[in-house]
Amino acid sequence: MKQHLLQRSALLAGAIGVTALALTGCSSSATEPTTDATPEVSSPSGTSATSGTGQQALAPVPFDKPVTYSSGVSVSVVKAERTKVSGQGPGEVTGDGVRFNLKVTNSSGSEISLDSIAVNAFYGNAKTPASPSPTSDKPFSGSLAQGASVDGSYVFLLPSGANPVELQFSYATNQPVAVFVGKL
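Definitions and cut-offs
Residues numbered from 1 in each chain as written. Predicted model: local features only at pLDDT ≥ 70, side-chain atom pairs only at ≥ 80, totals over all residues. Heavy atoms only, no water. Helix = DSSP H or I, 4+ residues; strand = E, 2+ residues; numbered from the N terminus. Buried < 20%, exposed > 50% of the residue type's maximum accessible area, 1.4 Å probe, protein only. Contact = heavy atoms within 4.5 Å. pLDDT = per-residue confidence, 0-100. Polar contact = N/O pair within 3.5 Å; in protein donor to acceptor, adjacent residues only side chain to side chain. Core = buried A, V, L, I, M, F, W, Y, C linked by side-chain atoms within 4.5 Å. Pairing = 2+ DSSP bridges.

Engineer: Help me understand the environment of Leu184 in this model?
Structural biologist: Locating Leu184 in the fold gives a position in the segment after strand 12 (178-182). Here Leu184 falls in the partly exposed class, since its relative accessible area comes to 27%. The spacing of Leu184 and Ser160 is 24 residues in sequence and 9.4 Å in space, taken between C-alpha atoms. Residues contacting Leu184, with those up to four places away along its chain left out, are Phe63, Ala80, Arg82, Val98, Asn163 and Val165.

Below, the structure written as C-alpha cells:
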C-alpha cells in the first residue's frame, strides 16, 4: 500500500510539473501585440508614402487627372460613380457602392501584362478599406500591346455619403502606386 501511495504521489508531481511547463511555454508572448500584419496606407502628403503593399505611392491626384508613369504607361479614372451593389451568390453583400471605370494606355515601347494590376479603394479620413464586390464589371487581364488602350471596371462596397474616397492603382510591383482622391 505504501508503494502504491508513493507511485501515485510521483505521478501527481510529474503531471503538475508537465502542466506548469506547458502553461509557462504558452504564456511567454501571448500578451505582446504584433504589428507585422498591419499594412501601411498611402498618405495624401508628398510622394514618399507607401501603399498597403509597401510600394512607393505617387502624390495623390483628383479623379479627373490621369497619372503617367515614367515607363510611359498611363491610367485615368474615366468615371467614378455611386451605385447599388447586388449580391449574386451565397455570402455576397447587397448595398451601397462605387464603380470605377479606368483606362490604361501603354506607351512604354513594349507589351505589358495586365494580370498583375491591383485596384483598391478606401474611404473617410481614417482610410477604411472598401470591400471589393465580386461582381466587378470588367477587371483588367491579359496583356496590352504597345500603343494600345484598354478599359476596366471595378466595383467596391462603400457606405452612402462616405467621403473622401481614395483609389489606389498598381500595374507592376516595380512601379509606384497611382493614388486618386476625391468626393463622390
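Engineer: In this structure, what is going on with the confidence of the model for the chain? I would like to understand it.
Structural biologist: Caution is warranted with low-pLDDT regions, since their predicted coordinates should not be read in detail. Residues with a pLDDT of 70 or more make up 70% of the chain, whose mean pLDDT is 78. For residues 1-48, every residue scores under 50 in pLDDT, and the model assigns this stretch 29 contacts once sequence neighbours within four places are set aside.

Engineer: For this particular structure, what's the right way to read the side chain of Ser153?
Structural biologist: Mapping Ser153 onto the fold places it in strand 10 (residues 149-157). For Ser153, the side chain forms a polar contact with the side chain of Asn101, separated by 3.0 Å.

Engineer: Looking at this model, I keep getting lost on the environment of Lys84. Mind explaining?
Structural biologist: Position of Lys84 among the secondary structure elements: in strand 3 (residues 73-85). With relative accessibility at 62%, the residue Lys84 sits in the exposed group. Along the sequence, Lys84 and Leu158 sit 74 residues apart, while their C-alpha atoms lie 9.5 Å from each other. If we ignore the near neighbours within four places in the chain, the residues touching Lys84 are Gly95 and Asp96. Separated by 2.5 Å, the side chains of Lys84 and Asp96 make a polar contact.

Engineer: Sorry if this is basic, but what is going on with unusual backbone geometry here?
Structural biologist: Excluding glycine, residues mostly carry a negative phi; peptide bonds, for their part, are mostly trans. For the peptide bond that leads from Asn163 to Pro164, omega is -10°, which places it in the cis range. Locating Pro164 in the fold gives a position in the loop between strand 10 and strand 11 (165-170). Located in the positive-phi region is Lys127, a residue other than glycine, with phi close to 55°. Tracing the sequence through the fold places Lys127 in the loop between strand 6 (118-123) and strand 7 (128-129).

Engineer: Whenever I open this one, the nonpolar core confuses me. Can you help?
Structural biologist: It is characteristic of soluble globular proteins that their nonpolar side chains tend to be buried jointly. Core analysis: the largest hydrophobic core is formed by 31 residues, its most contacted members being Phe100 and Phe169. Of all the elements, strand 4 (residues 95-106) adds the most residues to this core, at four residues. When near neighbours in sequence (up to four residues on either side) are disregarded, Phe100 contacts Phe63, Val77, Lys79, Ala80, Ala121, Gly152, Ser153, Tyr154, Phe156, Val165 and Leu167.

Engineer: Just to check I follow, could you spell out the pairing of strand 12 for this structure?
Structural biologist: In terms of residue burial, strand 12 counts as a mostly covered element, since four of its five residues are buried. Examined bridge by bridge, strand 11 and strand 12 share five bridges and lie antiparallel to one another. Within the sheet, the bridge partner assigned to Leu167 lies in strand 12 and is Phe180.

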